[in-house]
Each structure stands twice: as structure tokens, then as C-alpha cells.
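Letter by letter, the chains look like this.
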Amino acid sequence: KIRHSHSNSSGKNYKKTSLQLGNMRTSAIIELVTLSCTAKYAAAFVVNGPSQSSGIFGTLPNRYVRRSSCASSSSRLHVMEKAIDKRTGISYLPEETIARMEKGGPIEKHKFKKDPTAAFDDVYSFAAAIRSGEMDWKDLEAGDLDFRLKWVGLLHRGKRTPGRFMMRMKIPNGIVNSDQMRFYAKSVEPYGPDIGVIDITTRQNIQMRGVALEDAPTIIDGLHALNQTSLQSALDNVRNVVGSPLAGIDDQEMVDTRDICEGINDLISLDPVTGTRGNPVWGNLPRKFNVAISGSRDDFAHTHINDIGLQPNVHATTGQMGFNVVLGGYISIKRAAESVDGNMWIPADRNSVYTFCEAIFRIFRDEGERKDRQKARLMWLVEKHGVEEFKAKVVAEVESYDRGLKIENHQPRPTDEFVRRNLLGVHPQPQEGLMRCGILIPCGRFSVAEARQVADLADKYSGGEIRLTVEQNIILPNVKETDVEALRAEPALNGDSRMKLSPGRIEGNLVSCTGAQFCGLALVETKQNAERVANKLEALVNVPRDIRMHWTGCPNSCGQAQAADIGIMGAPARREDPETGKKKAVPGCNIFVGGEIGETGHLSLVPAMKGIPLE
């Protein structure tokens, strides 16, 4: 019997509560005496029970259970004893999957050697040891430094900024508030203006740069206190759940995606046993997994390049609102694949989407490729079985849960013409007298000062709320129509400011990956070049419609060059040396043309030009 009250990650902080588990196999009694937020380490536990690995889960092999160590820290609440046993990710895998994992590729072997969910605890131990002088970041085992720390959202940028990390959040539906934005700024400010910056990603997410490992626990605890987490945001995890940036404020909305995105985020990252962030159930996937939930025909979530894409569609017979399902879309160094129609339709409610996604996560986790990582995405599993056989597996899995979800065949899509709308600029909401105001953040890059300016604007005009878009810009919702002119006149959006409320048709549609400034895979610097070129083109060229330019530093295409009107991808190039007359290697690119987004989304898979010198 469990008695406790809590909220999801978008709600208010957890309140003082009591949780008691009794009549367990080992008579373990765990009383949670103080819990002020979703943070695992912001809790004070009293544990009475056996010290071995039997715990509240019954008898399990040692490698399937780890004791969560909660050593006291001035950055956290008082911790009286050790926390409860928490199962490892590998403990949820079938033996057949574990056997394939043991024989798998290098990363699988790292995960087999030491379960990556250990990072939920290890990050605190590593940071404490570095602060005390007992160790340096260089002393970390390679498996921890380069792989397992990604389970807490820490990605070491060893080639460009050794010893510094990018920290990635989980922000379902891309909604943040002014307090969170100020926290990001405060967190990176100590690292200086060159590396202490904040980026909006192409998944409506936030990445903080320059983070030192010894500071990570303070940042993690601070995020949890603000109802956010960085846990399970990188490598072989379900990534940030993308939703409609206009959810709840759209006069053409078909589905409000906010609650559904929150539900999937909790499924992924909220441990159902302990009620804390970091969910080992989904802590050992074969590769990353992307989910996008669209709320209108605009498809602002880009469902065609996600593993699961949910596209709103009315049931032709019943008139019920639901989702047609597309599967397997992804872009990588070896392959770019548009999603395929899964011939499935589900109702557009939280339980249905939660159950459906859980079923596919389970199939992918247990049956996905563990040896060749280039074939370890969902598309390969769909192609292995064929769409109808894969659908049958999903239906059977869903039925085994007995939650009332009935999966139907996909429903006819609209055939009338629809033009995707613009997210930038000022537009009316269905709520009388309120406007949504989309603001350009060039290439998604914030300085500390710019992040604080945005927070101030949000407090002043939008009740503190900020929406992130996959185009790496922001929306201030619920701005009073009478305040729009004052917003337009704000110094933060005028003069020498990079941020604009009414940008040009080229500069306002710019997307860029991290580039060579921080990423060791990038062949070229992207963000600075992208912004410079866009500004120059705005001065030189008049265009009759928006032109989407995407820059990406390498064939991994984090900047989604194949989805752009004009996609620029870092690549080898040669140019004649005017002094010697010989050709030499220079920074270069391949150029893609003609990608599409929206309900007719389409990837441009073959470069129109190759080996073009970046200059």
C-alpha cells in the first residue's frame, strides 16, 4: 500500500508528505519524512530493512539493484540515512536481451559492465571527490566520462573544452518560466561569456554549456527544485518530448499537447517505485528514441523525423479526435529516413498515448539492435518485421496492459490545402484581447544577459511563461493586446540587440547545430557563420516568402539540413592556393535544397552541391 501525493513535472513542488510500504517480502519499511520536490537527493529517508540486495524488490542479483547513497551535502536538504534500494536499468531486460547486450558493441559493453543509471548517484560522488581534491575529472574511467554521465544529461566536450560539459534538460512541450531561465543564466555565468552560454535545441529543449563536473549536483538539485530535470536526456534514452508551441493558445488547435507531453515525460523519467526522477525502467535502451506530438495541421513538432510521430486526425466514423501514427523517422551519419505510416490511430487522451508509447518503448528496449548502433533505431525494427507485423506486436503489447486502449487503422487525412503558419511576430490568440508574440533568438544562442532579458520580458508581458520552438526561437504567450506596442519598443528587442520581434524572412528562419565551437564532431563552425551569412543575405536579397536555412557541422545533421529549404552541412572541400597554385583542404560544406516541413514534410536526401568551400 502506498499513500502519497505528488504532482507531475509541470505542477507545484512536492509537499511534505508521508510514504509507507509495508507487508513486503522482506518487511522493509521505508518512511519518507521530507520531500520538497521531485529531486531524488532533496529527500530525507529513514530505512529499516536488510542491508543486502533483497530490499523492497525481493531477492535480486546484486547487479540488478544498487543502493542509492545520499551522503549529506550543504547544497541539499538534511539527509539522515541512505536512500532506498533502486533497481538498475539492466534488471528490467529479458535474459535474451542481456545476452545480446553482453556481446554487443563497445557502448553496450560499457553499459553491461556498469549500469548507466549508476550515474544518478555517481555524479554526486565524483563532484564531491573533485571538490575535496581527492580526484580530478581526468581520473574518471572512460566509461563514466564519455558515456554514463550522459544519463544525468552531462556530455563531456573533451576535444574543444576539456573538463567542461554540456548539460541538457528535459522540458516536455518546450515550456519554461522566467525563474528557470534566470537559473540557467546563474548556472553558466561563472564560466565566462565565451563558454558559459545557453542554447535552445531543435527539440524545444535547453542546453547549458561550460558546466564543471564539481558544480553539476548543485545544478541538478536546483533544476529539481524548479520542477525540471536533466536525468535521462542524452545517449540511449528517450529524448525531450516535443509538442505544439501553441498548445492552449491556438485558434486552429486540434489537440492541446501539454498534458500528454507531461505524461510521456513522467513515463520516461519518473521512477514509479520511488517517485523520484531517474527511471531505470527505460534506463537501458539500444539507442536514443524521439517522440513528437503535433497539435495542429502545421506539424510544428516535425513528426516526420521522429521515432514516434503523432499527427492529430479526426476519426472518420465517430468524429473523435485522435492521432494517426507515423514511425521511424530519424537523421544520422549513415542514414536519413522519413517516418512511415504505421497504419494506426489512437484517441488523443493522456492514457491512450501513454499506453501506446509504453508498448513501443518496451518492444524497442527488449528487441532493438544491440550490436550495430547504426541499425539500432526504431525504423530498422519496423523494417525487419514490416509495418503490419510490427503493428500486430504493438496491438498485442497494448492489450496485455488491459487499460482499455483500442488501436484502430489510420484515418483519412485532410486533402484540402493548408498553409503552415508563422510562429514569429505578433498573432491573435483565441482568448479575447491576448496575443502570442514570437521572438527571434538567432541560432537559439543566449548569452547570460540575453537570457535574463527574456526572463524580464516574460515577467512583464506573459505572466513569466516562455515557449521554446524547434526552430530555436521563443514565444511569449498571453500578451495583452494593449501591451504589444510597449513590447515592440523594448530595448532588448531593438537597436544592437540580436533578438527581434519582427525579423526578416531569412534571418527569422535560421537553425544551427552547436558547431565546432563546442562539438568535436563538427567539421565547421556553424552558429557564427549562420548568423553572419543570414544577416548579409537580408541586406542583399528580397524574397517573397520565408526561406529556411539550416546549418549543421557534420553528417550527423543535428541541425537537420535535409529538412531545410537550404541546408548547409559541414564537409571536406579543396580550394586552390593562390601562392602555390595547388589545391589545399579548406573548411567546406555540402548544400541540400528543397526539404519540406509541415503536414507534407519531406527530406532532401541528396546534396545539390558538394565540396563547396565555406568561404
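Residues numbered from 1 in each chain as written. Predicted model: local features only at pLDDT ≥ 70, side-chain atom pairs only at ≥ 80, totals over all residues. Heavy atoms only, no water.

J.: Is there a simple way to think about the sheet that holds strand β12 (residues 321-327) in this case?
T.: Read from one edge of the open sheet, 4 strands run β10-β11-β12-β15, paired in mixed fashion. The sheet is open, and its two edges are formed by β10 (291-293) and β15 (340-347), each paired on a single side. Strand-to-strand twist in this sheet, taken as the mean axis angle between neighbours without regard to direction, amounts to 25°. (Pairing = 2+ DSSP bridges. Helix = DSSP H or I, 4+ residues; strand = E, 2+ residues; numbered from the N terminus. Axes fitted to C-alpha atoms, helices over the stretch in contact; angles between N-to-C directions.)

J.: Any chance you could explain the layout of surface pockets here in plain terms?
T.: Sizing a probe to match a water molecule and rolling it over the atoms shows the empty space that remains. Its boundaries defined by the atoms lining it, the second largest pocket holds a volume of some 610 Å³. Forming the walls of the second largest pocket are 26 residues, and the residues nearest its centre are Arg420, Arg421, Asp546, Arg548 and Ile597. Considered class by class, the residues forming the lining of the second largest pocket number 6 nonpolar, 9 polar and 11 charged. Two domains share the lining of the second largest pocket, each providing at least three of its residues, namely domain 2 (426-505) and domain 3 (508-613). (1 Å grid on protein atoms, 1.4 Å probe; cavity = no way out; pocket = protein on both sides within 12 Å on 5 of 7 lines; lining within 4 Å. Points joined across faces, edges and corners; volume = space filled by probe spheres on them. Nonpolar A, V, L, I, M, F, W, Y, C, P; charged D, E, K, R; others polar. Domains from an automatic or database assignment.)

J.: What is the right way to read the pairing of strand β19 (residues 465-468) from this model?
T.: Along any regular strand, the residues point their side chains to alternate faces of the sheet. Sheet topology note: the strand β7 (residues 175-177)/β19 ladder contains 3 bridges and is antiparallel. Note on β19: the bridge partner recorded for asparagine 177 is glutamate 465. As judged from the 2 bridges shared by β19 and strand β20 (residues 474-480), these two strands associate in the antiparallel manner. Bridge pairing links leucine 468 to isoleucine 474 in β20.

J.: Help me out: how do you make sense of helix α6 (residues 216-225) in this one?
T.: Within α6, 8 of the 10 residues are buried, leaving the element largely enclosed by the surrounding structure. Among the residues of α6, Ala216, Pro217, Ile219, Ile220, Asp221, Gly222, Leu223 and His224 are the ones counted as buried. Asparagine 227 occupies a position one or two residues after α6 and carries a positive phi of about 65°. (Buried < 20%, exposed > 50% of the residue type's maximum accessible area, 1.4 Å probe, protein only.)

J.: I would appreciate a short explanation of the environment of leucine 614 in the present structure.
T.: By the element assignment, leucine 614 lies in the segment after β25 (609-613). Sequence separation between leucine 614 and asparagine 529 is 85 residues, and the spatial gap between their C-alpha atoms is 9.1 Å.

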